[in-house]
Number of protein chains: 2
Amino acid sequence: MEESKYEKRGVSPSKTDVRKAVSNLDKGIVSNSFCKIIPDVMGENKKSLFGPSYCNVMHADGVGTKAVLAYLYWRETGDLSVWRGIAQDAAVMNVDDLLCVGATTNMMVTSSIGRNKYRIPAEVLKAIVEGTQEFCENMAAEHIDITFAGGETSDMGDIIRTIAVDATVSARMKRNEVISCERIQDGDVIIGLASSGKATYEDRYHSGIGSSGHTSARHDVLKHEYAEKYPETFDAQMPAELVYSGSKDLTDPSGVENLTVGQLLLSPTRTYAPVIKAVLDNYRPSIHGIIHCTGGGQTKVMNFVNNLHVVKDHLFDTPVVFKMIQGESKTSWQEMFQVFNMGHRMELYVKESIASDIIKIARYFNLDAKIIGHCENSSKKMLTIESEYGTFTY
Amino acid sequence: MEESKYEKRGVSPSKTDVRKAVSNLDKGIVSNSFCKIIPDVMGENKKSLFGPSYCNVMHADGVGTKAVLAYLYWRETGDLSVWRGIAQDAAVMNVDDLLCVGATTNMMVTSSIGRNKYRIPAEVLKAIVEGTQEFCENMAAEHIDITFAGGETSDMGDIIRTIAVDATVSARMKRNEVISCERIQDGDVIIGLASSGKATYEDRYHSGIGSSGHTSARHDVLKHEYAEKYPETFDAQMPAELVYSGSKDLTDPSGVENLTVGQLLLSPTRTYAPVIKAVLDNYRPSIHGIIHCTGGGQTKVMNFVNNLHVVKDHLFDTPVVFKMIQGESKTSWQEMFQVFNMGHRMELYVKESIASDIIKIARYFNLDAKIIGHCENSSKKMLTIESEYGTFTY
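All figures in this text were calculated on a predicted structure; none of them were measured in a lab. (Residues numbered from 1 in each chain as written. Chains lettered and ligands numbered in written order. Predicted model: local features only at pLDDT ≥ 70, side-chain atom pairs only at ≥ 80, totals over all residues. Heavy atoms only, no water.)

Caption draft 1: Looking closely at the interface of chain A and chain B. Counting residues at the interface gives 83 residues for chain A, matched by 83 residues for chain B. A combined buried area of about 6800 Å² lies between chain A and chain B, and 55% of that area is made up of carbon and sulfur atoms. Here chain A and chain B share four salt bridges between them. In this structure, the salt-bridge partner of Arg 115 of chain A is Asp 17 of chain B, at a minimum N-O distance of 2.9 Å. For the side of chain A that touches chain B, the class distribution of residues is 33 nonpolar, 26 polar and 24 charged. (Contact = heavy atoms within 4.5 Å. Buried area = accessible area lost by both parts, 1.4 Å probe. Salt bridge = Lys/Arg side-chain N within 4 Å of Asp/Glu carboxyl O. Nonpolar A, V, L, I, M, F, W, Y, C, P; charged D, E, K, R; others polar.)

Caption draft 2: The sheet that holds strand 5 (residues 163-174) of chain B, seen in detail. Residue and element names in this part refer to chain B. Here five strands make up an open sheet; going across it, the order is 1-2-5-3-4 and the pairing mixed. Each having just a single partner strand, strand 1 (37-39) and strand 4 (146-155) make up the two edges of the open sheet. Strand-to-strand twist in this sheet, taken as the mean axis angle between neighbours without regard to direction, amounts to 20 degrees. Note: strand 2 (residues 54-62) against strand 5, nine bridges, orientation antiparallel. In the strand pairing of strand 5, Asp 61 is matched with Ala 167. The sheet strands contacting helix 4 (residues 81-99) are strand 2, strand 3 (107-115), strand 4 and strand 5, and the helix crosses strand 5 at an angle near 35 degrees. (Pairing = 2+ DSSP bridges. Helix = DSSP H or I, 4+ residues; strand = E, 2+ residues; numbered from the N terminus. Axes fitted to C-alpha atoms, helices over the stretch in contact; angles between N-to-C directions.)

Caption draft 3: Summary view of the pairing of strand 4 of chain B. Residues and elements named next belong to chain B. Counting buried residues in strand 4 gives nine out of 10 residues, a clear majority hidden from the surface. Bridge count for strand 3 against strand 4 is nine bridges, and the pairing is parallel. The partner of Met 108 across the bridge, within strand 4, is Thr 147. For the handedness criterion, the β-α-β arrangement of strand 3, helix 5 (residues 122-140) and strand 4 is classed as right-handed. (Buried < 20%, exposed > 50% of the residue type's maximum accessible area, 1.4 Å probe, protein only. Right-handed = clockwise from strand over helix to strand, strands pointing away.)

Caption draft 4: Broad picture of the pattern of salt bridges. Residues and elements named next belong to chain B. Applying the stated criterion across every chain, the model contains 44 salt bridges over all chains. The closest approach of N and O atoms between Glu 177 and Arg 284, which form a salt bridge, is 3.9 Å. Of this pair, Glu 177 sits in the loop between strand 5 and strand 6 (189-194) while Arg 284 sits in the loop between helix 9 (273-283) and strand 7 (287-292), placing them 107 residues apart in sequence. Note on Glu 177: relative accessible area 28%, which makes it partly exposed. Owing to a relative accessible area of 13%, Arg 284 belongs among the buried residues under this scheme.

Caption draft 5: Looking closely at the state of the cysteines. Residue and element names in this part refer to chain B. For the coordinates displayed, the defined rule picks out zero disulfides over all chains. This cysteine, Cys 100, is not joined by any disulfide, and Cys 35 carries the nearest cysteine sulfur, 6.6 Å off. Cys 35 provides the cysteine sulfur closest to Cys 136, a residue in no disulfide bond, and the two sulfurs are 17 Å apart. (Disulfide = S-S within 2.5 Å.)

Caption draft 6: Structural view of the sheet that holds strand 12 (residues 390-393) of chain A. Residues and elements named next belong to chain A. Spatially, seven strands are ordered 7-9-6-10-8-11-12 in an open sheet, and the strand pairing comes out mixed. Each edge of the open sheet is held by one strand with a lone partner, namely strand 7 (287-292) and strand 12. Averaged over neighbouring strand pairs, the angle between their axes works out to 20 degrees when direction is ignored. Sheet topology note: the strand 11 (residues 382-387)/strand 12 ladder contains four bridges and is antiparallel. Along strand 12, the bridge assignment pairs Ser 387 with Gly 390. Across the sheet, helix 4 (residues 81-99) is in contact with strand 7 and strand 9 (344-350); its angle to strand 7 comes to roughly 165 degrees. Packed on one face of the sheet, helix 9 (residues 273-283) meets strand 6 (189-194), strand 7 and strand 9 and runs near 170 degrees to strand 7.

Caption draft 7: Region of the structure containing the packing of aromatic side chains. Evaluated as defined, the whole model comprises 22 aromatic pairs over all chains. Aromatic side chains Tyr 364 of chain A and Phe 365 of chain A sit 5.4 Å apart centroid to centroid with 90 degrees between the ring planes, which places their arrangement in the edge-to-face category. With a relative accessible area of 10%, Phe 365 of chain A lands in the buried category. On the basis of an interplanar angle of 5 degrees and a centroid distance of 3.5 Å, the ring pair of Trp 333 of chain B and Tyr 389 of chain B is categorised as stacked. Taken together, the residues Trp 333 of chain B in helix 11 (residues 333-339) and Tyr 389 of chain B in the loop between strand 11 (382-387) and strand 12 (390-393) connect sequence positions 56 residues apart. The class of Tyr 389 of chain B is partly exposed, set by a relative accessible area of 22%. The structure contains a cluster of three or more aromatic residues connected by ring pairs, namely Tyr 71, Trp 74, Trp 83 and Tyr 230 of chain A. We note Lys 370 of chain A situated over the ring of Phe 316 of chain A; from NZ or CZ to the ring centre the distance is 5.2 Å. (Phe/Tyr/Trp six-rings, centres within 6.5 Å; stacked < 30°, edge-to-face > 60°. Lys NZ or Arg CZ within 6 Å of the ring centre and 35° of its normal.)

And the structure:
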């Protein structure tokens, strides 16, 4: 297979290397779970006579190269608030992964920041740390208890050109409340939760972009003058024609009212925690699987099913941000679906009979939701995406 | 004050910026604890009628630029095993911080690896991931339960020149077993646990170096030809005369039998977990404070005391690795004590009456220990180091 533009930029949507690296590791106590589930190390409840009733999960993720975009935007505009968005990105990339195993509260989060001290001053660190705290407070208002347990900031200019922002989340939950993808089955419908919009618990419009695919998004959309102005924002090993190869300025209008191109791309990753909590509080035993469409985009589910044909044939309209990225990059739509969420970043696999109830819950939070597809028996695993841009199989 | 060489290299021993960043954050439920202690989010035991009996702690730290040294050594020799050492470094930098609050078992650990995919292949990731697992297994043999809960590896060449390796550890413990530094007092003696040697639970000699001060150590010791050969291993913003300004080749003999200079500097951070566990199992209520001398070196304790004069006047002989660094760099001894542990990386503050018992426990593990100093009342906080190189106050 020809190396994709994505891979030429030194990033991998399929994470082949990572899969190799962890191939010999224990997979945890629940098969096919979105995050690894381990015994109740925290609660010492793992050796109960009556079988383990609790389990633990701990998860690490970060904002990747979205931090570079924040750096560019902050350098160009002086606007420190983008770093608060980055803090939300880092937290949500973890919290929303944990939602997929059914953990919706009682979490701890830490942040890890690596910086180039010559380029990142104290006020940026402060904005990120306080942004993490702010996210926890916003979630507390929705009865989701996420405690900010602290973090680490290290100066390592010999490694970090600008800044790297990661977070880690821990949770303890009842063993019988864990959701795995084991029950995703023939006849299930797929409810997609929109990635763009402004929910009741949000104070601004979200463009739909998460914290994956940002190496591509940034280079494909922004114009080449950023390469000369900010050589610290890319790897000189990248083929020159792929570096900031777009036509846009960060402050150009984006096509979404009141948002510049920079703001559209930097829009923080929306959390689905309040919605998923409400869904699970009411329908937990009926949820067959939850998939967070981050790295791998709309193909993410393929890591969690076997002998199933997943058909996505009623997707949301593509949000402006993804149309802009495709328009600038001319990336094939087939690849776009492998990199970006393209309209919904969270999907629930359920029997059709409860679909409308779940959609109602999402809409109560002013979050758009609908049936975007279904699952069928198949001799091998397969994904078909029928979109306005054509039909693609994976 | 003149900017130190350390600061000119874009690193900060005093972490002023970080302190600014977190100044508005909640400090946790235990004052003056080495790590932030939070309520029992994990166990939901925080609202017990009888007062909270459990608490949680979650901690993030990494190997910093020791990863760059591993990269250099691996590139020069092809020896993948150094990456297993790096995995141990990342885990121990966290686990040993947690020891200081009295957590000695029932931990979960995750790893976060950010890599430049052009430079770091899958087998390096595999060595780090498996090294983390191996560390957990070694600790299990000592009845210290650390479960490897997974991790994240991300490709972000636009940020990372080579590789960044961090880890995060969570623990839950009884509230009344938490050790803070609040009880460090007049009359306490300080027991230092040697940072170099080979304990009963270790399979090789440890040079004494931890995972801090490595930006200095690497540039001060290694010769300039590495700058031309591996420009990806340093920040071009660093003043040129500070880049690889030493005289050594990685494969030169180190002065320690069977170890090259590279191996001496890369020697994994020793964990004190088995020793501290045995000490706390027997003497927990009598331990007034435990300090892990990482960033800040021998001055670390200054962050945790008030109105006390800490006198360190019987330090261990300086291990070869620190003598080599000083010999190459001509760094003042006053600064050396601020950056490196210089002989003991863990210290226990206790009444003199139990000191010999604690020293016996350490020696049972073939780990050298002795009284290295004491504490006196003082109108302000103060640290005096009386060493073979002179007397320094901080």
